[in-house]
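Below are the chains, spelled out letter by letter.
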Amino acid sequence: QEIGFDYELNKKEETIKSLMKEREFEKQRANLNRNFNYAFSLAGILALAFIFMLYRSREKSRKYLEVTSAQNNEIRKQATQLHALNEMNNKMFSIISHDLRNPIATLSNVLLLESENVISAEESKSMQHSLSLQVNSINLLLDNLLLWSKEQIEGRTAPKPEKIVLNEPIKN
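Since this is a predicted model, take the numbers as computed values, not measurements.

Trainee: Outline the packing of helix H1 (residues 2-115) against helix H2 (residues 121-154), listing residues and values.
Mentor: Between H1 and H2, the least distance of the axes is 10 Å, while the angle of their chain directions is 150°. The pairing of H1 with H2 is recorded here as roughly antiparallel in orientation. Of the two elements, H1 crosses H2, and the hand of that crossing is left-handed. Contacts from Met92, Ile96, Asp99, Leu100, Pro103, Ile104, Thr106, Leu107, Val110 and Glu114 in H1 reach Ser124, Met127, Leu131, Gln134, Val135, Ile138, Leu141, Leu142, Leu145 and Trp148 in H2.

Trainee: Describe the pattern of salt bridges, with residues and values.
Mentor: Two side chains carrying opposite charge are able to pair once their charged atoms lie near each other. Under the defined criterion, the tally for this structure stands at three salt bridges. Across the pair Glu66 and Arg62 runs a salt bridge whose closest N-O atoms are separated by 2.5 Å. Of the two residues, Glu66 and Arg62 are both situated in helix H1; the distance of four residues between them amounts to about one turn of the helix. The class of Glu66 is partly exposed, set by a relative accessible area of 44%. Arg62 sits in the partly exposed class, given a relative accessible area of 37%. If you follow the salt bridges from partner to partner, you end up with Glu59, Arg62 and Glu66 in one network.

Thresholds, definitions, all that
- Residues numbered from 1 in each chain as written.
- Predicted model: local features only at pLDDT ≥ 70, side-chain atom pairs only at ≥ 80, totals over all residues.
- Heavy atoms only, no water.
- Axes fitted to C-alpha atoms, helices over the stretch in contact; angles between N-to-C directions.
- Helix = DSSP H or I, 4+ residues; strand = E, 2+ residues; numbered from the N terminus.
- Parallel < 35°, antiparallel > 145°, perpendicular 65-115°, else oblique.
- Left-handed = near helix turned anticlockwise from the far one by under 90°.
- Contact = heavy atoms within 4.5 Å.
- Salt bridge = Lys/Arg side-chain N within 4 Å of Asp/Glu carboxyl O.
- Buried < 20%, exposed > 50% of the residue type's maximum accessible area, 1.4 Å probe, protein only.

All we've got here are geometric facts, nothing functional implied.
What follows is the structure, given as structure tokens:
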């Protein structure tokens, strides 16, 4: 009986050991599953974070492109305006130089003729009235240019239209 008892005891001990090994194996499997779950959860969170960062980066890029596109349009507009202003400036200088050149050339020629005694004192006196008118015209033109440039510098570029009745000067 004792042998049967020892045999039964050994059999139960081995069953207990086997069950303990199974339980240990199940614990390890549960730990492994839990670790896999943590790893997959972490990978999912990282993937979501990456997708979110990618989305934000695309949004920032899109907004940056919109801003730069608007700035480029503004620069093109300003370049067009600058080109038009430069053309107007060139035309104005051309007109002004022409308006100044002729009277000054006439004055210079008369003075040269007088200094070389090519014209008489009587001829010189007869030209003085015409030269005086031309010098006054040049002076008025220069005054107007200075006034206009001052208004340009101060930013007063808007025209100030005035009504002029043409019938009265024409009748007189």
